[in-house]
Structure formats: C-alpha cells, structure tokens
Amino acid sequence: MSIQKISVIGLPMDLGQARRGVDMGPSAIRCAGIIERLEHLNIEVEDLGDITVGRPENANDPGTNLKNLSLVAASNSELAARVDEIIESGSFPLVLGGDHSIAIGTLAGVAKHHDNVGVIWYDAHGDLNTEDTSPSGNIHGMPLAVSMGLGHPDLIHIHGSFPKVKPENIVIIGARSLDEGEKELIRDKGIKVYTMHEIDRIGMTRVMEECIEYLRERTDGVHLSLDLDGVDPADAPGVGTPVIGGISYRESHLAMEMLAEADLITSAEFVEVNPILDERNKTAIVAVALMGSLFGEKLL
Ligand SMILES: NC(=[NH2+])NCCC[C@H](N)C(=O)O
Ligand SMILES: [Mn+2]
Ligand SMILES: [Mn+2]
C-alpha cells in the first residue's frame, strides 16, 4: 500500500527543552519548500497549518522537576487528537516540530490505529529518560520512555491507555549520547540500537536492511521519528543539542530512500529544527530533502 495522501501539521513548541527558537521549526521547514516538494511527487498534499501553543507563565509546575509539564502535556493531547483524525481520514500524518517532546502526542495518536506499531528513532540521543533519570528536566529527553508507558502520569496517559509502543518494536539509529539511566533501560528492555559504532562498522546500507527486516516481521505499521540532531552538526547545525560524530547527510539520504523502497513507514515526524541556531536555513533544507526521499523522490 503506497501513500495516497499526506497531511502536514506543525506543532511549533519549544517548551520541552531549554533553547528558544525550535518553535520556529515548522515555519522554517515550510520556507524550505516542503509543500511544493511533496506536491511534485504525485501525492495529494494538504497543509493543516500549526497547532496553537499556550504561553508559559512559569517554567515549572509545582511538585515536579519536569519543565513546562502542563503546557507540554496539553499541546501533545491536541496533537494526538489531530494525528488520530488524520489517520482516520485515510491520510498519512507528517508532523513538523517543535522539540522532540511532540513525539509523545504523535505516537499516542498513531498507536490508536495499531496493535503493534513499530518506531524508528533516528537521533543522536535515546530520549529514554524519566523524571528519575533525567539530568535536565527537559521533556524532549523523555518521549520514547513515555511512549513505552514510563514516566509522569500526565504524559503517559495522553490519548488513551499505555503503553503506546512495545520496547521490542523500537529501533534507535544514530545514538552517540546516552545518559546512564537510558543505557540501563536499553539493556533492561532489550531495545534494538544501532549506535554510530555499528553505522561505521557495517555501513548504513546494512543497518537499514536489518532494521527494515526486523520491523517488517513484527509490526503492523512503522512510525519514523527523525530528530535532526541525528544528522551530523556539520550538515545540520540548527539544533539545540548537537553532538559531533553523527550520521552524514548522504547516509541519511540513503536511509530515507531505502525506507521509501521498503514501503514500510505509515507516519513520520521531523523535529528539533531551530532556525535561530541555523546557518541560512540549512537544517530545514536538509529536513526537506530527507522528506523528499522518504516519500519517493528520485533523481532520474
Ligand atoms: N530530543 C533531544 N534532542 N533530546 C536531547 C536529550 C538530552 C539529554 N539526554 C536530556 O535528557 O536532557
Ligand atoms: Mn536528539
Ligand atoms: Mn530526540
């Protein structure tokens, strides 16, 4: 089943982390031409605009070290409902962030439609912290744990019962910065991870072949959650938590083309584009090129 229609929706939220500006991500990605790019691919495209995000009155809710918990939770509930609606209508949800905490809402909306959803987490980080292990209190470091049902009740209960995703249905690609608690969780739950070591060692081609085969066997739909900081900061400098030694633009491009060929992905989000930290919108341009490839763009 190839994709007939894509619905683009933005969540311009920067409250899941400490560096302002990632709320301008959806706008930067539209400026880089995402809608026109997708329209060229003979797929019907609709742009649903952006979800409205509340203004933070004080950074911390009483009784928790999670920053902006109530606003992050509210925005994610709204996103979950919108993603749910998009899938219900037979369209493919393409979510533009925003910081990575928005994956909580996307996955909650997606999970409604699957018994066994798979996730590709393309990221320098694991985003597997809980309030007990987080070094920062930033919710963008937690969405994958939340989606497994681990974390604050206000987050794990968004849009339905938990867990949204089973640990054995997750593949992390590009990891090179993991906190101690995250490493423990990965070992504990047996989450499949291709760190930069494996990418260097066996190459992106084999990593993607293995990843595709692994998820095809066990899932009934696969969500791609692509954090632009998975890409090396030389190619994607406009991110709030850059980590050197990342996946190149070329390798990322290949990974997206292989996913397009595999016809495996059923929803996607591109997050953490921060135009304030960027160089002439380079990171948004990279994001748009990767989306083009994901949806089947070819040179010839
Ligand atoms: N989506 C991201 N960029 N996450 C970065 C997380 C960094 C760190 N592990 C933390 O918990 O704060
Ligand atoms: Mn990251
Ligand atoms: Mn991330």
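Fair warning: this is a prediction, and the values are worked out from it, not measured in the lab.

Chemist: Please set out unusual backbone geometry residue by residue, giving values where relevant.
Modeler: At the junction of glycine 97 and glycine 98, the peptide bond is cis and its omega measures out at 15° in the coordinates. Among the secondary structure elements, glycine 98 is positioned in the loop between strand E3 (92–97) and helix H4 (103–111). With an omega of -5°, the peptide bond running from phenylalanine 162 to proline 163 counts as cis. The phi dihedral of asparagine 42 is positive, around 65°, even though this residue is not glycine. The topology assignment puts asparagine 42 in the loop between helix H2 (34–39) and strand E2 (44–50). One non-glycine residue, aspartate 127, lies in positive phi territory at about 50°.

Chemist: Go over the site of ligand 1, please, and point to the residues and values.
Modeler: Lining the immediate surroundings of ligand 1 are 15 residues, of which His100, His125, Ser136, His140 and Gly141 lie closest. Looking at the shell around ligand 1 residue by residue, the class counts come to one nonpolar, nine polar and five charged.

Chemist: Could you give me a rundown of the packing of helix H8 (residues 196–218) against helix H9 (residues 249–262), with the residues and numbers involved?
Modeler: The contact between H8 and H9 brings their axes to 10 Å, and the two run at 35°. H8 and H9 meet at a crossing whose hand is right-handed. Counting all contacts with H8, which are made through Met204, Thr205, Met208 and Ile212, the residues of H9 involved are Glu251, Leu254, Ala255, Met258 and Ala262.

Chemist: Let's hear about the environment of alanine 111: which residues, and what values?
Modeler: Mapped onto the secondary structure, alanine 111 falls in helix H4. Considered as a pair, alanine 111 and aspartate 47 are 64 residues apart in the sequence and their alpha carbons are 22 Å apart.

Chemist: Describe the nonpolar core, naming the residues involved and giving the relevant values.
Modeler: Among soluble globular proteins, nonpolar side chains are generally buried collectively. By size, the foremost hydrophobic cluster in this structure holds 96 residues, and its most contacted members are Ile29, Ile120, Ile172, Ile173, Ala287 and Leu294. It is helix H3 (residues 69–88) that contributes the most residues to this core, nine residues altogether. Apart from residues lying up to four places away in sequence, alanine 287 is in contact with Ile29, Leu228, Phe270 and Val273.

Chemist: I'd like to hear about the packing of H3 against H4, residue by residue, with values.
Modeler: Geometrically, a packed helix pair is captured by the angle between its two axes and the distance between the axes. Running from amino to carboxyl end, H3 crosses H4 at an angle of 35°, the nearest separation of the two axes being 7 Å. In terms of crossing hand, the pair formed by H3 and H4 is right-handed. For the pair formed by H3 and H4, the contact residues are Ser75, Asn76, Ser77, Leu79, Ala80, Ala81, Arg82, Val83, Asp84 and Ile87 on the first element and Ile104, Gly105, Thr106, Ala108, Gly109 and Val110 on the second. For the contact of H3 with H4, the per-class residue count stands at eight nonpolar, six polar and two charged.

Chemist: Which residues make up the UniProt feature "binding site: Mn(2+)" (unreviewed entry) in the protein chain, and what are the values?
Modeler: UniProt's entry tags His100, Asp123, His125, Asp127, Asp227 and Asp229 with the feature "binding site: Mn(2+)" (unreviewed entry), counted in the numbering of this structure. Annotated residues spanning 130 residues; largest pairwise C-alpha distance 12.0 Å, indicating a single compact cluster. Relative to the helices and strands, histidine 100 is located in the loop between E3 and H4. The buried category is assigned to histidine 100, around which 31 C-beta atoms lie within 10 Å. Ignoring any residue separated from it by four or fewer positions in sequence, one finds histidine 100 in contact with Gly16, Asp127, His140, Pro143, Asp227, Val271 and Glu272. For aspartate 227, the position within the fold is in strand E7 (residues 222–227). Ignoring anything within four residues of it in the chain, the contact list for aspartate 227 reads His100, Tyr122, Asp123, Val271 and Glu272.

Criteria and thresholds
- Residues numbered from 1 in each chain as written.
- Chains lettered and ligands numbered in written order.
- Predicted model: local features only at pLDDT ≥ 70, side-chain atom pairs only at ≥ 80, totals over all residues.
- Helix = DSSP H or I, 4+ residues; strand = E, 2+ residues; numbered from the N terminus.
- Near = placed C-beta within 6 Å.
- Nonpolar A, V, L, I, M, F, W, Y, C, P; charged D, E, K, R; others polar.
- Axes fitted to C-alpha atoms, helices over the stretch in contact; angles between N-to-C directions.
- Left-handed = near helix turned anticlockwise from the far one by under 90°.
- Contact = placed C-beta atoms within 7 Å.
- Core = buried A, V, L, I, M, F, W, Y, C linked by C-beta atoms within 7 Å.
- Buried ≥ 20, exposed ≤ 12 C-beta atoms within 10 Å, placed from the backbone.
- UniProt positions renumbered as here; feature names shortened; annotations may be inferred.

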